[in-house]
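Summary of the model geometry
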Amino acid sequence: MTTRSANDTATDTTTGGTGAHDTAERTAAAAGIEVRPVAGHVGAEIHGVDLAAGLDAAQVAAVRAAVLRWKVVFFRDQRLDHAGHVAFARLFGEPVVLPRRGKASPPGFPEIETTADRLELGGRFGMEHDEWLRRRRHTLLRGWHCDHGARVDPPAATILRAETVPPYGGDTTWANLAAAYAGLSAPLRAFVDTLRAEHRLGVGYQPRPGDDAYVRHLLDHQTATVHPLVRVHPETGERVLFVNGYYVEQITGLSRPESAAILELLVEQATRPEYTVRFRWEPGSVAFWDNRATIHLAPGDHAHLDQPRTMHRVMLTGEVPVGVDGTPSEPVVGSEAGRW
């Protein structure tokens, strides 16, 4: 997704307001598609487009504008196969090719990672899926994350396609981090503008007694980056509250008690209900979100249903985040910009 200079936009604290809304509406009208917002700050359904048939330039511009405005957009009743999924993603950027994928991911399509819940995690580290979730999500806020946030260059966007979903449950929720930042008081915004925090893979995991295969996996795949606590969005110029419950280790320069209190406040701010949208998946549903301006929460309410939930994900390569002062993120270990 196209970027612009952070130095030119670092003073812009808008959250996709009237101007961005008007731009999204105009481009949608010109492309002959309909964008229907589904929540006050985040999320819109797009109608009148067949993703499998391909998009023309006007439709691509309209979808891009809607993603930037609403942070996550949804398409219903699509007939995408793996090739169509990748082709759609390429209209908006360069897909990430992961060096390692799970066994459920399709051969011949290295851009696609398939998540199949129990199929992928059950037994992989010597514990069932439910135990893995309990140890990773032991507080209400821990599951909230952006994709690969511990990297120095997290993906710019993610496009997730539903193949099989349970008859109920299994919803995903997103939060708008630009709106969350704008909702802070002016003194607190000025304070967090100056801060940086370490994002690290595996933060907060509660180990099993004795030998723990997942701990060994984390030690073998350490990934950590110091990111600005507020990043400037490279396309919109918005200031984004760059926090989540899944990767953030500590705010640099603060004591651990200070850091913990401020991070809890900020993640609670980001996930306030008014800044979120929840999506009910159906087979053929597609969600396309801006990974730079959102965090999301995978479902935890369907494991007991014993119903399959198979989703296919393509991520688009992203840029190194830049803070309000123009300082970029700095890798600590495990990632290099542009190399996966």
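Just so it is clear, the model here is predicted, and its values are computed rather than measured. (Residues numbered from 1 in each chain as written. Predicted model: local features only at pLDDT ≥ 70, side-chain atom pairs only at ≥ 80, totals over all residues. Heavy atoms only, no water.)

**Here's the deal with the overall build of the protein**
As a reminder, the rule being used: Strands are runs of DSSP state E lasting at least 2 residues, helices are runs of H or I lasting at least 4, and numbering of each runs from the N terminus. Based on C-alpha atoms, the radius of gyration is set beside the globule rule, defined as 2.2 Å times the residue count to the power 0.38. Any residue under 20% of the maximum accessible area for its type is buried, any over 50% is exposed, and the rest in between are partly exposed; the area is computed with a 1.4 Å probe on protein chains only. Only heavy atoms matter for contacts: two residues are in contact if any of them lie within 4.5 Å across the pair. Every accessible area reported is derived by Shrake-Rupley at a probe size of 1.4 Å, with residue values counting cover from the shown protein chains alone. Only four residue types enter the tally: Lys and Arg on the positive side, Asp and Glu on the negative side, with His and both chain ends excluded. Lys charges are placed at NZ, Arg charges at CZ, Asp charges at CG and Glu charges at CD.
Secondary structure assignment for the protein yields ten helices and 16 strands. Against the 2.2 N^0.38 benchmark of 20 Å for 340 residues, the protein shows a C-alpha radius of gyration of 19 Å, consistent with a compact globule. Projected onto the principal axes, the alpha-carbon positions of the protein cover approximately 60 × 50 × 35 Å. For the protein, buried positions account for 55% of its 340 residues. Considering only contacts within the protein whose residues lie at least 6 apart along the sequence, 82% involve residues at least 24 apart. As displayed, the protein has an accessible area near 14200 Å², and 52% of this comes from carbon and sulfur atoms. Positive and negative side-chain charges in the protein, numbering 36 and 42 respectively, have mean positions lying 2 Å apart.

**Some remarks on the sheet that holds strand 7 (residues 196–200)**
Our working definition: For two strands to count as paired, DSSP must find a minimum of two bridges between them. To obtain each axis, a line is fitted to C-alpha atoms, and for helices this fit is confined to the stretch in contact; angles are then taken between N-to-C directions over 0 to 180 degrees.
Ordered by their spatial adjacency, four strands build an open sheet running 11-7-8-16, and the pairing between neighbours is antiparallel. On the outer flanks of this sheet lie strand 11 (248–251) and strand 16 (330–333), each paired with one strand and no other. Each neighbouring strand pair of the sheet contributes to a mean axis angle of 25°, computed without reference to strand direction. In this sheet, strand 11 lies alongside strand 7 in antiparallel orientation, the contact comprising three bridges. Bridging from a neighbouring strand, E198 pairs with Q250 of strand 11.

**Re helix 10 (residues 256–270)**
Threshold: Every helix has an expected span of 1.5 Å times one less than the residues it contains. In this context, the arc is that of the directions from the helix axis out to the C-beta atoms.
Under the 1.5 Å per step criterion, the end-to-end length of helix 10 is 21 Å for 15 residues, consistent within 8% with the ideal 21 Å. Those residues of helix 10 not exposed but buried are S259, L263, L266, V267, Q269 and A270. Seen along its axis, helix 10 keeps its buried residues to an arc of 150°; they face one direction. Against strand 6 (172–176), helix 7 (177–182), helix 8 (186–192), strand 10 (239–241), strand 11 and strand 14 (294–297) lie the buried residues of helix 10.

**Thoughts on the pattern of salt bridges**
For clarity, the cut-off: What counts as a salt bridge is simple: a side-chain nitrogen of Lys or Arg found within 4 Å of a carboxyl oxygen of Asp or Glu.
All chains considered together, the criterion is met by 22 salt bridges. Among the salt bridges present, the one from R313 reaches D147, with a minimum N-O distance of 3.3 Å. With R313 in strand 15 (residues 310–316) and D147 in the loop between helix 6 (129–136) and strand 5 (157–164), this pair connects stretches of sequence that are 166 residues apart. Assessed through its relative accessible area of 3%, D147 is described here as buried. With a shortest N-O distance of 3.0 Å, D171 and R278 are connected by a salt bridge. One end of the pair, D171, is in the loop between strand 5 and strand 6; the other, R278, is in strand 12 (residues 276–279), with 107 residues separating them in the sequence.

**Topic: unusual backbone geometry**
Even without a glycine there, the phi angle at K71 is positive, about 75°. Relative to the helices and strands, K71 is located in the loop between helix 3 (57–70) and strand 3 (72–75). Judged by relative accessible area, K71 falls into the buried class, the value being 0%. The backbone phi angle of H148 is positive, close to 55°, even though this residue is not glycine. Tracing the backbone shows H148 in the loop between helix 6 and strand 5.

**Some thoughts on the packing of aromatic side chains**
Condition: Geometry of aromatic contacts follows a simple scheme: Phe, Tyr and Trp rings, the Trp one being its six-membered ring, pair when their centres are within 6.5 Å, and the pair is stacked under 30 degrees between planes, edge-to-face over 60, tilted otherwise. A ring is considered to have a charge above it if a Lys NZ or an Arg CZ atom is located within 6 Å of its centre and within 35 degrees of its normal.
Applying the stated criterion across every chain yields a total of ten aromatic pairs. For the ring pair Y205 and Y214, a centre distance of 4.7 Å and an interplane angle of 70° mean the geometry is edge-to-face. Take Y205 and Y214: they sit in the same class, and that class is buried. Within the aromatic cluster, the residues linked to one another by ring pairs are F74, W174, F279, W281 and W289. Over the aromatic face of W70 sits the side chain of R69, whose NZ or CZ is 4.0 Å from the ring centroid. Over the ring of W340 we find R151; its NZ or CZ atom is 3.9 Å from the centre of that ring.

**Points about the pairing of strand 7**
Burial analysis of strand 7 places five of its five residues in the buried class, the great majority of the element. Neither face of strand 7 is open: one carries R196, E198 and R200, the other A197 and H199, and all of them are buried.

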